[in-house]
Amino acid sequence: MKSSSPTTRRRWLTVLGQAVVGLVAVKAARPVKAAVQNALATAPAPKSYDPFAHSWRMCIDVEKCIGCGLCVEACKKENHVIPKAAYFRTWIERYIIKRGEPGSEDPRGETIVDSPNGGHDGFPPSTIPREEVLKSFFVPKLCNQCENSPCDQACPVGATFRTPDGAVIIDKTYCIGCGFCIQACPYGCRYLDPNTHMADKCTLCYHRLSRGLKTACVEVCPTGARILGDMKDSRPDNPIRQFVEKNKVQVIKPHLGTEPRVLYAGLDKEVR
Amino acid sequence: MQKLKMPPQITRLAIVAVAIVVSYFGARFFLVPKSFGKYGWYRADTLKEYAALPISYGGAKACEECHSDEVAAKAKGGHKLISCESCHGPLSAHAADPTTVSPGKITNLRFCVRCHESNMSLPEKFPQVKVEEHAGKSNCVECHLGHQPKEQPKKKESKPAS
């Protein structure tokens, strides 16, 4: 008994020591794992996201858009939008402005706008001969996240509202699918989801912004035609502030007084 | 002195009024969601519900954690501003679990055409070609590296640059 007790005690102490070290290691590993997961983009939305600390804004440089449609495709994949034409949270329009009729005083002729499958698969060459065309360009469109949003005012049940950080979103527990907001939107940015029978629209990728990521359309845009930023970020190298300072920016349909939060540079007067 | 007595019809009216007020506040208590009115005239939890939706595109930073060499190679070429997932597709599942979820290969070897096919609507300075004239029947990657389009792939003998 006496001879065996020191070895037993030593063994027990060793095991106990290992257990303590193991427990401490597990405790230390958890915050490390959490930190790693937080650093990776796939982490769940941070609870610390404060909607009052941000003011999101998207700027679109029309001169840079090449109409590849990657943004349309990415938006559909990211937000699981119905993979059919007519259901888009963002889409691209091709504007073709013809030369004026010979002898007419206006050098600008007819404007032709098309958007095959929302630009999802890119744009086939136009059938209009090059000689007849004065100019042509692409305009990416999405919900303008209006400050003074008509859809928000039209909703009879208060399902649509503006978030403190500048997105217009729909509370799906309230929406009754009446479609008033779809008619109210002057930009055609909303659709009725045939599966849920509720209105649906661009959320400015709220789930991505709150994780510190860019929206899907901005993420994949190959030419930097779309940029997104936080106007409350006062750093001088903030790209969105630089864009607004440097460019002549404009909104679509300014006469409606909707005060869109999506700004465009290089818009032509034909764009509606 | 005659004692003042409440007329019975007034008492009944008072009871009905109190019942209406109580039922109003009762209904409010049970029907108005908890977070309603926290930020504004809506349910503040909607923001959290939207924020908790899963993502598909992991973002370029997630790619750089492991593929910093590819990112560095891309930074030298004309495609430096393009995010990895623009061409490779949504890969947040791969970033979360790199061993079991593998990204698909770009099978369309004329994938480049989506951006670089000549089109009168493109900005004039944007590099564009009439692909049938430029490449004939060969694939883009025979002469161009995807990450550095001005460079040629090392393995195969290169075609004369057009």
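Everything here concerns the structure above.
Only a predicted model underlies this, so the values are computations on that prediction, with no experimental measurement involved. (Residues numbered from 1 in each chain as written. Chains lettered and ligands numbered in written order. Predicted model: local features only at pLDDT ≥ 70, side-chain atom pairs only at ≥ 80, totals over all residues. Heavy atoms only, no water.)

Some points on the pairing of strand β4 (residues 133-142) of chain A
Residues and elements named next belong to chain A. The criterion, for reference: Whether a residue is buried, partly exposed or exposed follows from its accessible area with a 1.4 Å probe, protein chains only, as a fraction of its type maximum: under 20%, in between, or over 50%, in that order. Helix numbering and strand numbering both begin at the N terminus, where a helix is a DSSP run of H or I of at least 4 residues and a strand a DSSP run of E of at least 2. Following DSSP output, two strands are said to pair if at least two bridges run between them.
Counting buried positions over the 10 residues of β4 gives 8, a clear majority of the element. Of the pairings in the sheet, the one linking strand β2 (residues 90-99) to β4 comprises 9 bridges and is antiparallel in character. Paired with K98 across the bridge in β4 is V133.

Brief notes about the environment of A:I170
The test is simple: Contact criterion: two residues are considered in contact whenever any of their non-hydrogen atoms come within 4.5 Å of each other.
Relative to the helices and strands, A:I170 resides in strand β6 (residues 168-170). Separated by 108 residues in sequence, A:I170 and A:V62 have C-alpha atoms that sit 28 Å apart. Apart from the residues lying within four places of it in its own chain, the contact partners of A:I170 are A:A159, A:T160, A:C175, A:R190, A:A199, A:D200, A:K201, B:T46 and B:Y50.

A closer look at the interface of chain A and chain B
Quick note on the threshold: Buried area counts how much accessible surface, traced with a 1.4 Å probe, disappears from two parts once they are put together, with both parts' losses summed. Any carboxyl oxygen of Asp or Glu within 4 Å of a side-chain nitrogen of Lys or Arg constitutes a salt bridge here. In protein, a polar contact requires one atom able to donate a hydrogen and another able to accept it; more generally it is a pair of N or O atoms within 3.5 Å, and residues adjacent in sequence count only if both atoms are side-chain atoms.
Taken together, the contacts link 55 residues of chain A with 36 residues of chain B. Contact between chain A and chain B buries roughly 3700 Å² in total, counting both sides, with carbon and sulfur atoms accounting for 62%. Our count for the chain A to chain B interface comes out at 2 salt bridges. A salt bridge links A:E73 to B:R114; the shortest N-O distance between them is 2.8 Å. Summed over the shared surface of chain A and chain B, the result is 17 residue pairs in polar contact (both at pLDDT 80 or more). Every element with two or more residues in the side of chain A that touches chain B is listed here: α2 (70-79), β2, β4, β5 (160-162), β6, α5 (206-209) and α6 (216-220) of chain A. When residues in the side of chain A that touches chain B are grouped by element, the largest group, 5 residues, is from α2(A).

So, the pattern of salt bridges
The final tally for this structure, using the stated rule, is 17 salt bridges over all chains. In this structure, the salt-bridge partner of A:E132 is A:K98, at a minimum N-O distance of 3.6 Å. Of this pair, A:E132 sits in the loop between β3 (108-114) and β4 while A:K98 sits in strand β2, and the two are 34 residues apart along the sequence. Across the pair A:D171 and B:R43 runs a salt bridge, and its minimum N-O distance is 2.9 Å. Here A:D171 is found in the loop between β6 and α4 (180-184), whereas its partner B:R43 is found in the loop between α1 (8-31) and α2 (45-51) on a different chain. Residues A:D171 and B:R43 agree in their burial class; the two are buried.

Focus on the side chain of B:S121
Considering the arrangement of structural elements, one finds B:S121 in the loop between α7 (113-116) and α8 (131-135). For B:S121, a relative accessible area of 2% puts it in the buried group. Here the side chain of B:S121 touches A:S136 through a polar contact of 2.6 Å, side chain to side chain. For B:S121, the residues in contact, after removing those within four places along its chain, are A:R94, A:S136, A:F137 and A:F138.

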